[in-house]
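# Chains, contacts and geometry: an overview
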Amino acid sequence: MKIVILDGYASNPGDLSWQELEKYGTLTVYERTTPEEVASRIDGAQIVLLNKTPLTAEAIEQAKDLRMVGVLATGYNIVDIDAAKRCGVTVCNVPGYSTQAVVQMTLALLLECTQQVGLHNTEVHSGTWQSSPDFCFWKAPLIELAGKTLGIIGCGAIGSAVKKAAEALGMLVIFTGRTPREDKDYVSLDALLAQSDVISLHCPQTAENLHMIDAAAINQMKDGVIVINTARGGLVDEAAIADALNCGKMAYYAADVVSKEPIAAGNPLLAAKNCILTPHIAWAPRETRERLHHITAENVRMFLNDTPQNTVN
């Protein structure tokens, strides 16, 4: 059994082992793979694992020995699912492995907006506190979250866990999603946009919700709203977000994701006021990546036992 990993560096830059996968065949790990290299590298492989390297219909059709594709992530839009199905290739993902890590990042981004820890740490180390005539100072408004309304877009495992964490901080939580629920906290999207002091995105990106947070949606929001995005960059119109930040309509935008990754030099968010960006690391704690690798190995084992799990096609 030939197993190929096309972009192993992202989930394992050297601090983890691939030993669990080596039990199931001859394993070849490439740190990174360009689109032009995909076809030659998966030639003869029965199992291909990847994180963000696109696997096109053409590549799948050319890989005559391919039987399984394992996505080292929850999202699987990088794989042409229809082509895989036509060719009899099983595609598996890894759902649920990063829930707590994404909740942690969501809170980290939110607390950075409200407490400005990074700013004040820099100020202290640069000597501002030493020269202060008072025992304390703050360089930006500080915001208490208790009693504020958090609107969560996306009612899945991550959104539900964020709801629980926010309630522990004393926030009032409302949420919305594709499927209405018989829940007192469930509201329409329009109501959520109008009522929320903080909005947090936790839904997958689809053709239907591309740029769902656009200028029209922002106009429905409260002045001074905070928007957190740990889901997908394409859920927001980044130019509209930048405009809202620069004119003061939006107080902060904090995101772990952007529309094109790595971020492009011309992305309007880079020059926007009060914009906090991290390089798609919500999933990256070591414990989270260990869980990702373990479930991936289980996906391979179950597939080889003719009882595939976490299939998406």
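Located above this text is the structure these notes cover.
Anyway, here's the lowdown on the structure attached to this text.

Here is what the cut-offs are and how they apply
Residues numbered from 1 in each chain as written. Predicted model: local features only at pLDDT ≥ 70, side-chain atom pairs only at ≥ 80, totals over all residues. Heavy atoms only, no water. Helix = DSSP H or I, 4+ residues; strand = E, 2+ residues; numbered from the N terminus. Buried < 20%, exposed > 50% of the residue type's maximum accessible area, 1.4 Å probe, protein only. Lys, Arg positive; Asp, Glu negative; His and termini not counted. Salt bridge = Lys/Arg side-chain N within 4 Å of Asp/Glu carboxyl O. Polar contact = N/O pair within 3.5 Å; in protein donor to acceptor, adjacent residues only side chain to side chain. Contact = heavy atoms within 4.5 Å.

### Side note on unusual backbone geometry
- Omega for the bond connecting Glu261 with Pro262 falls within 30 degrees of zero, at 0°, which places this linkage in the cis form.
- Topologically, Pro262 is positioned in the loop between β10 (250-255) and β11 (275-277).
- At His211, a residue that is not glycine, the phi angle is positive and equals roughly 60°.
- Structurally, the position occupied by His211 is in the loop between β8 (198-201) and α10 (215-220).
- A positive phi angle, close to 50°, is found at Asn274, a residue other than glycine.
- Note that Asn274 resides in the loop between β10 and β11.

### A few points about the side chain of Asp256
- Along the chain, Asp256 turns up in the loop between β10 and β11.
- There is no salt bridge for the buried Asp256, and the closest opposite charge comes from Arg232, which lies 7.8 Å off by N-O distance.
- At 2.8 Å, the side chain of Asp256 forms a polar contact with the backbone nitrogen of Ile281.
- One polar contact links the side chain of Asp256 to the main-chain amide nitrogen of Ala282, over a distance of 2.8 Å.
- For Asp256, the residues in contact, after removing those within four places along its chain, are Met105, Leu109, Asn229, Thr230, Glu261, Thr278, Pro279, His280, Ile281 and Ala282.

### What about the pattern of salt bridges?
- In the structure shown here, the tally under the stated rule is 11 salt bridges.
- Across the salt bridge formed by Glu37 and Arg41, the nearest N and O atoms sit 3.6 Å from each other.
- One salt bridge in this structure joins Arg86 and Glu61, with 3.1 Å as the shortest N-O distance. Here Glu61 lies in helix α4 (residues 57-62) and Arg86 lies in helix α5 (residues 81-86), a separation of 25 residues in the sequence.
- A residue is classified by how much of its surface remains accessible, and Glu61, at 36% relative accessible area, is partly exposed.
- Within this structure, Lys163, Glu167, Lys184 and Asp185 form a network of salt bridges that share partners.

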